[in-house]
Amino acid sequence: MISLHQGLFRSIQTAIYEPRLHRFQAHLVFLLPRYKLLSLRRQLPPKSSVFAKLNEEEKEAHGVYEVGRGNKALKLKVEQIGINFDSCTPGQYTLLICPLCKGGQSKGRTLSFHKNQNEKVAMWRCFNFECGLSGHVLADVSPIQEEVNKVNVPKKPSEETLRLEPLGDELIEYFATRKISEEILKKNAVMQMIDDKNVIAYTYRRNGELVNCKFRSITSRKFWQAKHGERILYGLDGIKEGHDIVIVIVEGEIDKLSMEEAGIINCVSVPDGAPQHVSIKASPSKKQEARFKYLSDCNGCLDKASRIILATDGDGPGQALAEELSCRLGKQRCWVVTWPKKDEVSHYKDANEVLVHLGAEALRHIVENAKLYEEQKIYAVL
């Protein structure tokens, strides 16, 4: 006995070469269940199949897709971004390693990727707050249309994209143990992460605009900076305008806040700490020069300073930083602080350590008694 399925198939196969029945074939095919459609498509002759008689609009309108249509085009576009197209199941969301941030500090799978069932559309978003990579592509669009679907990567950080909020009681209490007042914290727009209340956010601002942010965890002691942030001096907006001014340069954000607690306003911090040693080449490498580009990107405030006081850390890298800065800023106008002895064998390391143990007046006295750099003959540990 011939089944209903077989009967329908034979009727269509018999009539398929008769032009007057083409419209009937199309309507009949759409009445079949999906699995029968695919079965029928495999059995009909390729050039004269019912599917070949339907245009793209008709297929789209009825939800009929040929297996693999658009797959190659979509795969090429997705893999150009750095995403493994074949590792994802159509119709499902898959967590992958982000090709841009590589998972950030956690090194985890922060990228959510999705391609629809017929593999004509793919979309993705990285949930690492430092990255924010997101976008989508279509399989069948022209190069002009593709411009609309370019990857959306935030180029400038903001309090919203970095998920920042005002400091909570816990971090205010932490700073109190370092002798930094809430007033100074607010004045310098020190914030915290919404997603982790133990992470301090030192916001770098120029002309009031947030251009970078450095994060510090008080539990793991890890440091990291915002993606696409500009490397500028921390505290740049606090420098008073004018000629013949004195500027203090320190090695860290908390040292800049400590100087302000001692009444020293014209103070900035370098953005990324100290080098391990001084460059001994006559002509520093491009990488070395790029490291200190923040000196020229400071709105010319350092050019107006008649005296620059270097209050870097007292260890080897801190001395190396002082040497690098003095070479670039001119040793004839650079002065350097001498951190006092802590005991018979060691000295206080930086401004905050002096503030905590000796107080604001002692810190201010140390800065006021800085010596001309060349006279101190301080050399970095190579």
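Thresholds, definitions, all that
- Residues numbered from 1 in each chain as written.
- Predicted model: local features only at pLDDT ≥ 70, side-chain atom pairs only at ≥ 80, totals over all residues.
- Heavy atoms only, no water.
- Helix = DSSP H or I, 4+ residues; strand = E, 2+ residues; numbered from the N terminus.
- Contact = heavy atoms within 4.5 Å.
- Polar contact = N/O pair within 3.5 Å; in protein donor to acceptor, adjacent residues only side chain to side chain.
- Pairing = 2+ DSSP bridges.
- Axes fitted to C-alpha atoms, helices over the stretch in contact; angles between N-to-C directions.
- Parallel < 35°, antiparallel > 145°, perpendicular 65-115°, else oblique.
- Nonpolar A, V, L, I, M, F, W, Y, C, P; charged D, E, K, R; others polar.
- Buried < 20%, exposed > 50% of the residue type's maximum accessible area, 1.4 Å probe, protein only.
- Phe/Tyr/Trp six-rings, centres within 6.5 Å; stacked < 30°, edge-to-face > 60°.
- Salt bridge = Lys/Arg side-chain N within 4 Å of Asp/Glu carboxyl O.

Within an unreviewed UniProt entry, the label attached to the protein reads Toprim domain-containing protein, and the organism entered is Lactuca sativa.

Draft legend 1. Region of the structure containing the environment of arginine 178. With respect to the helices and strands, the residue arginine 178 is situated in the loop between α8 (169–177) and α9 (182–187). When the C-alpha atoms of arginine 178 and valine 356 are compared, they prove to be 6.0 Å apart, with 178 residues separating the residues in sequence. Apart from residues lying up to four places away in sequence, arginine 178 is in contact with Ile254, Asn352, Leu355 and Val356. Only 2.8 Å separates the side chain of arginine 178 from the side chain of tyrosine 174, close enough to count as a polar contact. At 2.8 Å, the side chain of arginine 178 and the side chain of asparagine 352 are in polar contact.

Draft legend 2. Fine view of the sheet that holds strand β4 (residues 134–138). Strand order in the open sheet formed by four strands is β1-β2-β3-β4, with antiparallel pairing between adjacent strands. Looking at which strands have only one partner, the edges of the open sheet turn out to be β1 (93–96) and β4. When strand polarity is set aside, the average angle formed by the axes of neighbouring strands in this sheet is 20°. Pairing between strand β2 (residues 111–115) and strand β3 (residues 121–126): five bridges, direction antiparallel. Bridging from a neighbouring strand, serine 112 pairs with arginine 125 of β3.

Draft legend 3. A look at the packing of helix α13 (residues 351–358) against helix α14 (residues 360–368). With their axes 7 Å apart at the nearest point, α13 and α14 run at an angle of 135° to one another. When the axis of α13 is compared with that of α14, the two are oblique. Contacts between α13 and α14 involve Ala351, Val354, Leu355 and Leu358 from the first element and Ala360, Ala362, Leu363 and Ile366 from the second. Of the residues that constitute the contact of α13 with α14, the class distribution is eight nonpolar, no polar and no charged.

Draft legend 4. Here's a closer look at unusual backbone geometry. For glutamate 119, which is not a glycine, the phi torsion comes out positive at approximately 55°. With respect to the secondary-structure elements, glutamate 119 resides in the loop between β2 and β3. Residue glutamate 119 is classed as buried on the basis of its relative accessible area of 12%. Here lysine 179, not a glycine, exhibits a phi torsion of approximately 65°, which is positive. Assignment of secondary structure puts lysine 179 in the loop between α8 and α9. Look at lysine 179 and you get partly exposed, because its relative accessible area is 45%.

Draft legend 5. Up close: the packing of aromatic side chains. Counting across every chain of the model gives six aromatic pairs. Taken together, a centroid distance of 6.0 Å and an interplanar angle of 80° make the contact between tyrosine 202 and tyrosine 234 edge-to-face. Of this pair, tyrosine 202 sits in strand β7 (residues 199–206) while tyrosine 234 sits in the loop between β9 (223–225) and β10 (245–250), and the two are 32 residues apart along the sequence. As far as burial versus exposure is concerned, tyrosine 202 and tyrosine 234 are alike and both buried. Their ring planes at 20° and their centres at 5.6 Å tell us that phenylalanine 215 and tryptophan 224 sit as a pair that is stacked. A single burial state applies to phenylalanine 215 and to tryptophan 224, both of which are buried.

Draft legend 6. Representation of the sheet that holds strand β12 (residues 305–311). Pairing is mixed across the open sheet formed by five strands, whose spatial order is β11-β10-β12-β13-β14. Of all the strands in the sheet, just β11 (267–269) and β14 (371–372) have a single pairing partner and so form its edges. Direction of pairing for β12 relative to strand β13 (residues 334–336): parallel, over a ladder of three bridges. Its bridge partner being in β13, leucine 310 is matched across the sheet by valine 336.

Draft legend 7. View of α13. Restricting attention to buried positions, one finds in α13 the residues Ala351, Asn352, Glu353, Val354 and Leu355. If you follow the buried residues of α13, they end up packed against α10 (253–261) and α14. Of the residues flanking the start of α13, the one acting as N-cap is aspartate 350, its side-chain oxygen 3.3 Å from the backbone nitrogen of asparagine 352.

Draft legend 8. Seen up close, the pattern of salt bridges. What the rule picks out here adds up to 18 salt bridges. For arginine 163, the salt bridge goes to aspartate 195, with nearest N and O atoms at 2.9 Å. Here arginine 163 is found in the loop between α7 (143–146) and β5 (164–166), whereas its partner aspartate 195 is found in the loop between β6 (190–193) and β7, with 32 residues between them in sequence. For arginine 163, a relative accessible area of 36% gives the class partly exposed. Put simply, lysine 342 and glutamate 353 hold a salt bridge, and the shortest N to O gap is 2.6 Å. Of this pair, lysine 342 sits in the loop between β13 and α13 while glutamate 353 sits in helix α13; the two residues are eleven residues apart in sequence, bridging distant segments of the chain. Connected via shared salt-bridge partners are Lys187, Lys256 and Glu260.

Draft legend 9. Fine view of the side chain of threonine 110. Looking at the secondary structure, you find threonine 110 in the loop between β1 and β2. For threonine 110, a relative accessible area of 13% puts it in the buried group. Residues in contact with threonine 110, not counting those within four places in the same chain, are Leu96, Cys98, Cys101, Gly103, Arg125, Cys126, Phe127 and Asn128.

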